[in-house]
Amino acid sequence: MGVEMDMPYGLNEVWGYKETREHMAELIDLFAYDKKFATEKLITVRHVASQEPGFHEAFSSMFPHSRQSSTDNLSFPNEKIKKIKHKTLLVHGREDKVVPVFLCPSKLIKVVN
């Protein structure tokens, strides 16, 4: 994750996958920048793959409720980010709907280099 933040809607949807084809279609829509790639075939293939025995149990066990605590565990406290002294390249998808870039700018100015 990188920075402390409230659980974004998109990430909560991904981590809370509901095992339905309809929810998989919503997730594919979240992930696909170019909607021409969000085909019915892709939705079906990904949904079928997610139905493999044990998949959902394994996936959902990685992100239990409260998912906010999982986000917190994957984040660095602001105090640690402020201590970064090396030149730093931060990369984030401008059109990211899972963890939107607008959630991060206030944290970026805390990195010195």
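The structure under discussion appears in the preceding block.
Residues numbered from 1 in each chain as written. Predicted model: local features only at pLDDT ≥ 70, side-chain atom pairs only at ≥ 80, totals over all residues. Heavy atoms only, no water.

Asker: How do you make sense of the nonpolar core when you look at a structure like this?
Answerer: One finds Leu 11, Trp 15 and Val 98 to be the most contacted residues of the largest nonpolar core, which totals 17 residues. For this core, the secondary structure elements donating two or more residues are α1 (9–15) and α2 (21–31). The greatest single-element share of this core, amounting to four residues, is contributed by α2. (Core = buried A, V, L, I, M, F, W, Y, C linked by side-chain atoms within 4.5 Å. Buried < 20%, exposed > 50% of the residue type's maximum accessible area, 1.4 Å probe, protein only. Helix = DSSP H or I, 4+ residues; strand = E, 2+ residues; numbered from the N terminus.)

Asker: Could you clarify how one ought to interpret helix α3 (residues 40–50) in this entry?
Answerer: Every α-helix winds through 3.6 residues per turn, so residues three or four apart in the chain are directed the same way. For α3, the complete set of buried residues consists of Ile 43, His 47 and Ser 50. Down the axis of α3, the buried side of the element spans an arc of 60 degrees, and every buried residue falls inside it. Elements that come into contact with the buried residues of α3 comprise α2 and α4 (55–62). (Arc of directions from axis to C-beta. Contact = heavy atoms within 4.5 Å.)

Asker: I tried to follow the packing of α2 against α3 on my own but got confused; where do I start?
Answerer: How two helices sit against one another is set out by the angle between their axes and by the gap between those axes. Remark: α2 packs on α3, axes separated minimally by 9 Å, with the N-to-C direction vectors making an angle of 120 degrees. When the interaxial angle is binned, α2 and α3 end up oblique. α3 is crossed by α2, and the crossing has right-handed handedness. Facing α2, whose interface residues are Arg 21, Met 24, Ala 25 and Ile 28, α3 presents Glu 40, Leu 42, Ile 43, Thr 44, Arg 46, His 47 and Ser 50. Across the contact of α2 with α3, the residue classes tally to five nonpolar, three polar and three charged. (Axes fitted to C-alpha atoms, helices over the stretch in contact; angles between N-to-C directions. Parallel < 35°, antiparallel > 145°, perpendicular 65-115°, else oblique. Left-handed = near helix turned anticlockwise from the far one by under 90°. Nonpolar A, V, L, I, M, F, W, Y, C, P; charged D, E, K, R; others polar.)

Asker: Is there a simple way to think about the environment of Ser 70 in this case?
Answerer: Position of Ser 70 relative to the elements: it lies in helix α5 (residues 67–73). The exposure class assigned to Ser 70 is buried, which follows from its relative accessible area of 11%. Setting aside chain neighbours within four positions, we find Ser 70 in contact with Trp 15, Met 62, Phe 63 and Pro 64.

Read these as spatial facts, not as claims about activity.
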